[in-house]
Amino acid sequence: MEGRRWGDGVHQAVEAKEGLTIQPETEVVASVTYQSLFRRFRKLASMSGTALSEQEEFRTVSWHVSPLFCHAKIGLGLA
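Residues numbered from 1 in each chain as written. Predicted model: local features only at pLDDT ≥ 70, side-chain atom pairs only at ≥ 80, totals over all residues. Heavy atoms only, no water.

K.L.:
Looking at this model, I keep getting lost on the overall build of the protein chain. Mind explaining?
P.N.:
Looking only at helices and strands, the protein chain features three helices and zero strands. When its helices and strands are written in sequence order, the protein chain yields α-α-α. Expressed as a percentage of its 79 residues, the buried residues of the protein chain come to 6%. The contacts in the protein chain between residues at least 6 apart in sequence include a share of 6% that link residues at least 24 apart. Of the roughly 8,200 Å² of accessible surface on the protein chain, 57% is carried by carbon and sulfur atoms. (Helix = DSSP H or I, 4+ residues; strand = E, 2+ residues; numbered from the N terminus. Buried < 20%, exposed > 50% of the residue type's maximum accessible area, 1.4 Å probe, protein only. Contact = heavy atoms within 4.5 Å. Areas by Shrake-Rupley, 256 points an atom, 1.4 Å probe, with all protein chains shown as cover.)

K.L.:
Is there a simple way to explain the environment of Arg5 in this structure?
P.N.:
Position of Arg5 relative to the elements: it lies in the segment before α1 (10-17). On a C-alpha basis, the gap between Arg5 and Glu25 in space is 8.4 Å, while along the polypeptide they are 20 residues apart. With sequence-adjacent residues up to four places away left out, Arg5 is seen in contact with His11, Gln12, Glu15, Gln23, Pro24 and Thr26. Side chain to side chain, Arg5 and His11 meet in a polar contact 3.4 Å long. Here the side chain of Arg5 touches Glu15 through a polar contact of 3.0 Å, side chain to side chain. (Polar contact = N/O pair within 3.5 Å; in protein donor to acceptor, adjacent residues only side chain to side chain.)

K.L.:
Is there a simple way to explain the confidence of the model for the protein chain in this structure?
P.N.:
For residues with low pLDDT, the predicted coordinates do not support detailed interpretation. Mean pLDDT over the protein chain stands at 83; residues scoring 70 or higher make up 89%. Put simply, helix α2 (residues 34-38) is where the protein chain has its lowest mean pLDDT, 86, and α1 is where it has its highest, 93. (pLDDT = per-residue confidence, 0-100.)

K.L.:
Sorry, what's going on with the layout of surface pockets here?
P.N.:
Its volume calculated, the largest pocket comes out at about 910 Å³. Here the lining of the largest pocket is built from residues that sort into 14 nonpolar, six polar and three charged. (1 Å grid on protein atoms, 1.4 Å probe; cavity = no way out; pocket = protein on both sides within 12 Å on 5 of 7 lines; lining within 4 Å. Points joined across faces, edges and corners; volume = space filled by probe spheres on them. Nonpolar A, V, L, I, M, F, W, Y, C, P; charged D, E, K, R; others polar.)

Structural data, given as structure tokens:
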């Protein structure tokens, strides 16, 4: 992808392996943690197979877990 480069010297290593001119490492000028990103939204939605078993931990950060159970039989029809 144009304008994107891997960090921590990985891009330079690939350039060296491929015999290309090694470009200088780019500088990271800003970063954000997932937690601070998610806190920007009033509501979050996701699907998880483990959220229900970890709902007590989610409550510590004020996240509510709502289980949705599938009552329809799901099959591949490969009888």
